[in-house]
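Here is how the chains run, residue by residue.
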Amino acid sequence: MSRDEGARDRILERIRAASREREPLPHPGTLPERMAAGDPAERFSEIFEQNGGETVRFETLESAWGWLEGFAEDFASMAPGEDVPERLLASLPVAAPHEAELGISMARGGAAETGTLLLDSREGRRGQILPPAHLVWVRRRDIHATLDRLLESVKGELPSALALHSGPSLSADIGQVTVRGVHGPARVIVAILP
Amino acid sequence: MAEQREGKAYRARAREIIDRHPEIRASVTGGVMDLDRKRVDRYAEIDSETWRDWARDVKDHVITHLDELLEEAAANLEARGVQVHWAETAADARRVLDGIVRRRGVKVAVKSKSMLSEELEVNRDLEAAGVQVFETDLGEWIVQLQEEPPSHLIVPAIHRDLDAIRRLFHARLGTPLDAGPDELASQARATLRQAFLEADLGISGCNFLVAETGTVALIENEGNIRLCTSAPPVHVALTGIEKLLPRWQDLSGFLQLTSRAATGQSLGTFVSLLNGPKGPGEPDGPEEMHVVLVDNGRSRVLADPRAWETLRCVRCAACLNACPVYRQTGGHAWGHVYSGPIGSILDPALLGLERAGDLAYASSLCGACTEACPVRIPIPDLLLDWRARMAGGRRTTATERTLIGAYSRIMTRPRLYRLAGALMRRLPGLLSSRRLPMIGSWVERRAALRPSPRTFRRIWKEELSGEDAAGDAGDHHRGSGGQPGEEEERER
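Owing to the predicted nature of the structure, the values given are computational and were not obtained by experimental measurement.

> What exactly am I supposed to notice about the nonpolar core here?
Inside soluble globular proteins, nonpolar side chains tend to come together where they are buried. Of all hydrophobic cores here, the largest spans 178 residues; its most connected members are Leu238(B), Val271(B) and Cys319(B). Contact partners of Leu238(B), with chain neighbours within four places excluded, come to Ala93(B), Ser114(B), Leu116(B), Ser117(B), Leu120(B), Ile203(B), Gly205(B), Cys206(B), Val292(B) and Val294(B).

> Mind showing me how you'd approach the interface of chain B and chain A here?
Interface size is often expressed as the accessible area that is lost when the parts come together. Listed per partner, the contact involves 75 residues of chain B and 56 residues of chain A. Top element by residues in the side of chain B that touches chain A is helix 11 (residues 181-198) of chain B. It accounts for eight residues. Inspection of the sheet shows strand 8 (residues 161-165) of chain A paired to strand 9 (residues 270-274) of chain B by five bridges, in the antiparallel sense. The partner of Ala161(A) across the bridge, within strand 9 of chain B, is Leu274(B).

> Quick question: what am I supposed to make of the domain arrangement of chain B here?
Taken domain by domain, chain B consists of domain 1 (46-296) and domain 2 (413-490). The C-alpha centroid of domain 2 of chain B is placed 55 Å from the C-alpha centroid of domain 1 of chain B.

> Please clarify how the sheet that holds strand 7 (residues 234-240) of chain B should be interpreted in this entry.
Sheets are built from strands that pair by backbone hydrogen bonding, the pairs being arranged parallel or antiparallel. All names here are of chain B. Across the sheet, six strands lie side by side as 1-10-7-4-2-3; this open sheet has parallel pairing. At either margin of the open sheet sits one strand with a lone partner, and together these are strand 1 (83-87) and strand 3 (132-135). Strand-to-strand twist in this sheet, taken as the mean axis angle between neighbours without regard to direction, amounts to 20°. Pairing of strand 2 (residues 108-111) with strand 3 involves four bridges; the strand directions are parallel. Bridge assignment links Val 110 to a residue of strand 3, and that residue is Phe 134.

> Got a minute to help me understand the confidence of the model for chain B in this structure?
As a general rule, the predicted coordinates of low-pLDDT regions are not to be interpreted in detail. Residue and element names in this part refer to chain B. When pLDDT is averaged along chain B, the result is 91, and 93% of the positions lie at 70 or above. This stretch, residues 1-7, has a pLDDT under 50; its non-local contacts, to residues over four places away or in other chains, come to eight contacts. For residues 469-492, every residue scores under 50 in pLDDT, and the model assigns this stretch 28 contacts once sequence neighbours within four places are set aside. Interface confidence for the predicted complex, given as ipTM, is 0.97, next to a pTM of 0.90.

About the criteria used
- Residues numbered from 1 in each chain as written.
- Chains lettered and ligands numbered in written order.
- Predicted model: local features only at pLDDT ≥ 70, side-chain atom pairs only at ≥ 80, totals over all residues.
- Core = buried A, V, L, I, M, F, W, Y, C linked by C-beta atoms within 7 Å.
- Buried ≥ 20, exposed ≤ 12 C-beta atoms within 10 Å, placed from the backbone.
- Contact = placed C-beta atoms within 7 Å.
- Helix = DSSP H or I, 4+ residues; strand = E, 2+ residues; numbered from the N terminus.
- Pairing = 2+ DSSP bridges.
- Domains from an automatic or database assignment.
- Axes fitted to C-alpha atoms, helices over the stretch in contact; angles between N-to-C directions.
- pLDDT = per-residue confidence, 0-100.

In structure tokens, the structure reads:
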């Protein structure tokens, strides 16, 4: 540790010496906000689908429950996030995230302008990224117009990790051809709750 | 003599790639032109001029408050249980990793793509310590299997076409020779998934370090960074000391602008915002999180009166994608970790003129790079500055110095100029020889320069100086028999 201490002091001293002649420049403040037109939830769906994801919207909780039953039939097991309400979990056997066919999350919120979901490490990180398909619930009122506002909404209490997911896993590293699901989920389905 | 060889290293490497591996040029050109087009489209959707001004100003604020912001970031990271290390050199950074490897008994490490980790050459040391290292970004894994360095900051295997990757996977992983991209990718997923689950250590870089909250921000598309920072029990983020952002509020703009510049997306598919190791009551995540703050020459760049502006760089590679010179060879011609326009100004700053000064000549100074740069680094100005230092330090070749000296004497003395003009008109072969120094490489791939039979002064006197000349001077030019290339017009 003492080697580190000395290194810190020497690095900071070199930085100060290097900057001595330089005028300190002010922070420019905040970028002007871009007001997206229309309903954030609708805009979110549009952009998220452009990003390669799937979306579904519900007017009532009952309709969401009904949809979930049918949707779950395609999967043999699930890795549920800790924050997902019981009623929003499929009736599937629970498996470890690296074995489950479907991860299920409850998003902290969304951003319409980039089609982005905000996920919290308190529900578990592995279930968000290991299963080949990912179902994410988000409440309509938690979808913000911009990424600025979404991030601002969680600034006060940051968990150990937040993740922004804007679609399925993509790679164009093999001959510049786009493939899905290289490491993360190939399918991401966002279900927007009333 | 060593100086001369060193001075021509870029040129020799570039020539070798262009002459012997035409498929590299085809693959790189296709890849970067696609990325550049997407970047242009995504810039058009926002008020990119305002965004880029803002991003430049935030970075200038960071660079002129670096000591305070580093201390603030370190304090906030430590408050969240992150272990902060300070590394003055690459060797120091490798020592930090080595300490963790020994203490934790690390056998398998998974890495996400990090140019800083390439700069620090951590893989060699890890492997020497008996650690099996997996690069997990698909492109980076391809170059690891190929045992070569990355060729692009964002798309490491951009120089390898589908055919080359098929052959590589066939030889190393046994996939069929006619496998499609999906099949190859799913083989990669299966192999690397095993590594993620077995790994004792995850190593990442860092796109942004937010001082106000102590947050490490990482942008990606594949999900391998999320896995590297979530699955193994220890996560180490290698972070250049210039990577800071002052406030949480700055993140949104930088994440979006960087994504638009790098890959032409409004935001990368996955962004990790990491504030510490697994919290109390959290079901998973690393038990230990380390941030290694690396100087390795950056404070020296900071002290440089011009080169300090390169510290704004967010490593998006937009300048590589826009560059007509990079397109011809890909990054290997640069011979150092950072390639393309940013490499041409950063490598001399980090490594010195002796080792990398010739890279300042790997440019036509067209300026496309600075137009693409999200933080407005004046790349052509900085290239010229390095060239001036090369010339001032007599690091250019003796032939070049003699010729430029002669050129300068001729151009500033009217009588000498007229004499040289007359000589070239009488001996046109002077300008078409491939053996001529400096001009030779131009002539080699283009039609020879042919001097006009009449001097510009004469044309001016006979045809252009009249009152009617203003309206249609262009036609007279065409009728004058002058070739596009002739230098006579420069007469003052």
